[in-house]
Amino acid sequence: MGITVGFDLDMTLIDPRPGMVAAMNALADESGLALDGEHFAANLGPPLDEVLRGFEAPEERIPGLVDRFRALYPEIVIPRTAALPGAAAALDAVRAAGGSTLVVTGKYAPNAALHLRALGFEVDALVGELWSTGKAEALLDHGATVYVGDHLGDVRGALAAGALAVGVTTGPCTRAELLDAGAHVVFADLGDFPAWLDAELERGRLGETRKDTRSRRPGGVPGPGRSTRGPVRAG
């Protein structure tokens, strides 16, 4: 059985920041609330409801604001989003090694799937609406050996699942911050990932981690979010 490698989405595989600025500012205009698109886009990672609480949105309005943001998202964010350097090659490298690719993201899964299709990324499974250590359950369910992300929450999710934590500094966190959180290795972007993956497979480390991962299911980890199982393909 081949390896499974998990990837975060925002600021790991894709850069949605221009669209995120526009969508949050549009929501601010509609709602009359002081929502800061620039701040939001510069600190992607936490779930949208937490972000809105940080902007002091009234609690009773948050469900409606989340729904409206998700509705605005396809037309505003998808066309403004670009693939990050090395993203396509990283996914291809896993496939070339006979492995499976998994995206685990805090984003609403239907909108995450739109990104993958728009950019022509093919992945074997997608799980949305999971954050930080909550990502561990999806990683364990899919037998992920490695999880790649740009945020401290991604590192925590990988470690909670017993997976190798690979960090990239394309997001808001520095190399030092990711290493201090427990990342096993940190790259400037995904360009170095294929060579690293080949080297780790040759050393046999990923197979050993798989055994450790399957025997260490964390207690108290929230259940998996909404998922798309089976290939998520372009078109």
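What counts as what
Residues numbered from 1 in each chain as written. Predicted model: local features only at pLDDT ≥ 70, side-chain atom pairs only at ≥ 80, totals over all residues. Heavy atoms only, no water. Helix = DSSP H or I, 4+ residues; strand = E, 2+ residues; numbered from the N terminus. Buried < 20%, exposed > 50% of the residue type's maximum accessible area, 1.4 Å probe, protein only. Areas by Shrake-Rupley, 256 points an atom, 1.4 Å probe, with all protein chains shown as cover. pLDDT = per-residue confidence, 0-100. Contact = heavy atoms within 4.5 Å. Core = buried A, V, L, I, M, F, W, Y, C linked by side-chain atoms within 4.5 Å. Axes fitted to C-alpha atoms, helices over the stretch in contact; angles between N-to-C directions. Parallel < 35°, antiparallel > 145°, perpendicular 65-115°, else oblique. Left-handed = near helix turned anticlockwise from the far one by under 90°. Nonpolar A, V, L, I, M, F, W, Y, C, P; charged D, E, K, R; others polar.

Description of the overall build of the protein
Here is step 1 of the chain: Of the regular secondary structure elements, the protein holds 11 helices and nine strands.
Here is step 2 of the chain: Taken across its 235 residues, the protein has 51% of its residues classed as buried.
Here is step 3 of the chain: When the accessible surface of the protein is split by element, carbon and sulfur atoms take 49% of a total near 9900 Å².

A few points about the confidence of the model for the protein
Here is step 1 of the chain: Confidence in the prediction of the protein, expressed as mean pLDDT, is 90, and 87% of residues score 70 or more.
Here is step 2 of the chain: Here residues 208-225 is a poorly scored stretch, pLDDT under 50, and it has 43 contacts once near neighbours within four places are set aside; other chains count.

What to know about the nonpolar core
Here is step 1 of the chain: With 30 residues, the main nonpolar core has Phe7, Leu13, Val148, Leu190, Phe193 and Trp196 as its most contacted residues.
Here is step 2 of the chain: Every element with two or more residues in this core is listed here: strand S1 (4-7), helix H5 (87-96), helix H6 (109-119), strand S5 (123-127), strand S6 (146-149), strand S7 (164-168), strand S8 (185-187) and helix H10 (193-203).
Here is step 3 of the chain: Element by element, the count of residues in this core is highest for H5, at five residues.
Here is step 4 of the chain: With sequence-adjacent residues up to four places away left out, leucine 190 is seen in contact with Phe7, Thr12, Leu13, Pro85, Gly86, Ala87, Ala90, Val148 and Val168.

So, the side chain of threonine 105
Here is step 1 of the chain: Among the secondary structure elements, threonine 105 is positioned in the loop between strand S4 (100-104) and H6.
Here is step 2 of the chain: Threonine 105 sits in the buried class, given a relative accessible area of 2%.
Here is step 3 of the chain: What threonine 105 contacts, discounting residues up to four positions off in sequence, is Asp8, Leu9, Ala112, Leu126, Val127, Gly128, Glu129, Leu130 and Lys135.

With respect to the packing of helix H1 (residues 17-31) against helix H4 (residues 62-76)
Describing two packed helices takes the angle between their axes plus the distance from one axis to the other.
Here is step 1 of the chain: Across the interface, H1 lies against H4 with an axial gap of 10 Å and an inter-helix angle of 135°. Judged by the inter-axis angle, H1 sits oblique to H4. Considering the relative orientation of H1 and H4, their crossing is right-handed. Here Gly19, Met20, Ala22, Ala23, Met24, Ala26, Leu27, Glu30 and Ser31 of H1 come into contact with H4, specifically with Leu65, Arg68, Phe69, Leu72, Tyr73 and Ile76.
Here is step 2 of the chain: Considering only residue class, the contact of H1 with H4 consists of 11 nonpolar, two polar and two charged.

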